[in-house]
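Structural features, examined
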Amino acid sequence: GQQLNQSPQSMFIQEGEDVSMNCTSSSIFNTWLWYKQDPGEGPVLLIALYKAGELTSNGRLTAQFGITRKDSFLNISASIPSDVGIYFCAGQLTGNTPLVFGKGTRLSVIA
Amino acid sequence: DAMVIQNPRYQVTQFGKPVTLSCSQTLNHNVMYWYQQKSSQAPKLLFHYYDKDFNNEADTPDNFQSRRPNTSFCFLDIRSPGLGDAAMYLCATSRDVGGPSGDTQYFGPGTRLTVL
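Residues numbered from 1 in each chain as written. Chains lettered and ligands numbered in written order. Predicted model: local features only at pLDDT ≥ 70, side-chain atom pairs only at ≥ 80, totals over all residues. Heavy atoms only, no water.

Moving on, we get to the interface of chain B and chain A. A common way to report how large an interface is uses the accessible area buried once the components associate. Between chain B and chain A, the residue contacts involve 22 residues of the former and 21 residues of the latter. Surface buried jointly by chain B and chain A totals about 1,600 Å² across both partners, of which 55% is contributed by carbon and sulfur atoms. When the shortest N-O distance is used, the salt bridge between Glu41(A) and Arg9(B) registers 3.4 Å. For the pair chain B and chain A, the interface holds six residue pairs in polar contact (both at pLDDT 80 or more). Going through the elements one at a time, β4 (31-37), β9 (87-94) and β10 (106-107) of chain B are the ones with two or more residues in the side of chain B that touches chain A. (Contact = heavy atoms within 4.5 Å. Buried area = accessible area lost by both parts, 1.4 Å probe. Salt bridge = Lys/Arg side-chain N within 4 Å of Asp/Glu carboxyl O. Polar contact = N/O pair within 3.5 Å; in protein donor to acceptor, adjacent residues only side chain to side chain. Helix = DSSP H or I, 4+ residues; strand = E, 2+ residues; numbered from the N terminus.)

Residue and element names in this part refer to chain B. Across the two faces of strand β1 (residues 4-7) the burial differs, with Val4 and Gln6 buried and Ile5 and Asn7 not buried at all. Relative to strand β3 (residues 19-25), β1 runs antiparallel, the two sharing four bridges. By the bridge assignment for β3, Asn7 is matched with Ser22. (Buried < 20%, exposed > 50% of the residue type's maximum accessible area, 1.4 Å probe, protein only. Pairing = 2+ DSSP bridges.)

Once that is clear, we can look at the state of the cysteines. Residues and elements named next belong to chain A. Counted according to the given criterion, the structure contains two disulfides over all chains. Disulfide pairing is shown between Cys23 and Cys89; the S-S distance is 1.7 Å. Disulfide Cys23-Cys89: torsion about the S-S bond near -80°, hence left-handed. On the criterion of sequence distance, the pair formed by Cys23 in strand β3 (residues 19-25) and Cys89 in strand β9 (residues 85-92) is long-range, its members being 66 residues apart. Note on accessibility: Cys23 and Cys89 belong to one class, buried. (Disulfide = S-S within 2.5 Å.)

Moving on to the sheet that holds strand β8 (residues 73-78) of chain B. Residues and elements named next belong to chain B. Reading across the sheet, the four strands line up as β1-β3-β8-β7 and stay open at both edges, with antiparallel pairing between neighbours. A single partner strand is all that each edge strand has here, and the edge strands are β1 and β7 (64-67). Going from strand to strand, the sheet's axes swing by 20° on average, the running direction of each strand aside. (Axes fitted to C-alpha atoms, helices over the stretch in contact; angles between N-to-C directions.)

The next subject is the confidence of the model for chain A. When pLDDT is averaged across chain A, the result is 94; 98% of the residues are at 70 or more. Within chain A, strand β10 (residues 100-101) of chain A has the poorest average pLDDT of any element, 92, and strand β8 (residues 71-76) of chain A the best, 98. (pLDDT = per-residue confidence, 0-100.)

Taken as a whole and assessed by the stated rule, the structure comprises five salt bridges over all chains. In this structure, the salt-bridge partner of Arg60(A) is Asp83(A), at a minimum N-O distance of 2.8 Å. Here Arg60(A), found in the loop between β6 (55-58) and β7 (61-65), pairs with Asp83(A), found in the loop between β8 and β9; they are 23 residues apart in sequence, far enough to count as distant. Note that Arg67(B) is salt-bridged to Asp77(B), the shortest N-O span being 2.7 Å. Here Asp77(B) lies in strand β8 and Arg67(B) lies in strand β7, a separation of 10 residues in the sequence. Residue class for Asp77(B) comes out buried when judged on its relative accessible area of 14%.

Below, the structure is given as structure tokens:
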């Protein structure tokens, strides 16, 4: 089945630093989603991407849908302590196919 | 403001004792999903409803059932919980299953199930 390779698995950064994480797939997707999950909570949608090459921002977050449709990255600029959490990428081929999740990137921010 | 609501947030049950988790949504979305998420893992889809049509994932155990009595509510029934069923259970919704943005899934806060 389809698999997403999300990296890095975890990161420790200083407050104020920029962060970059990415997901790659062996097959194409038509939708890429990025979620953040805090401990004990459900995933919260950060950015949704629907078109190859699309670059979308949400505040300090920027995500891009790779032109090959097999990858996506998420950047966080000027990290702050509340950015701590697990970030999941998810890809979907069509609305009738399940979301395929990456294994998550655990972000820790050191003040 | 809450759009996908899950109750209770924490549920404790005994081994083998049936338990029901509930999800409601104020988004009027057609599709509702149930996921199981174990510690440090990604969510795993159990099944989903498109309107009243039930779609089970092939590897979802028979122990897990679902009901959707109306658009707003969906229930997850675990008939005989085992220790391995302890997990976070997430409900999600999407407006539709086709077209850009229509199939974007929005998650509830989850119910953490403990099995004693």
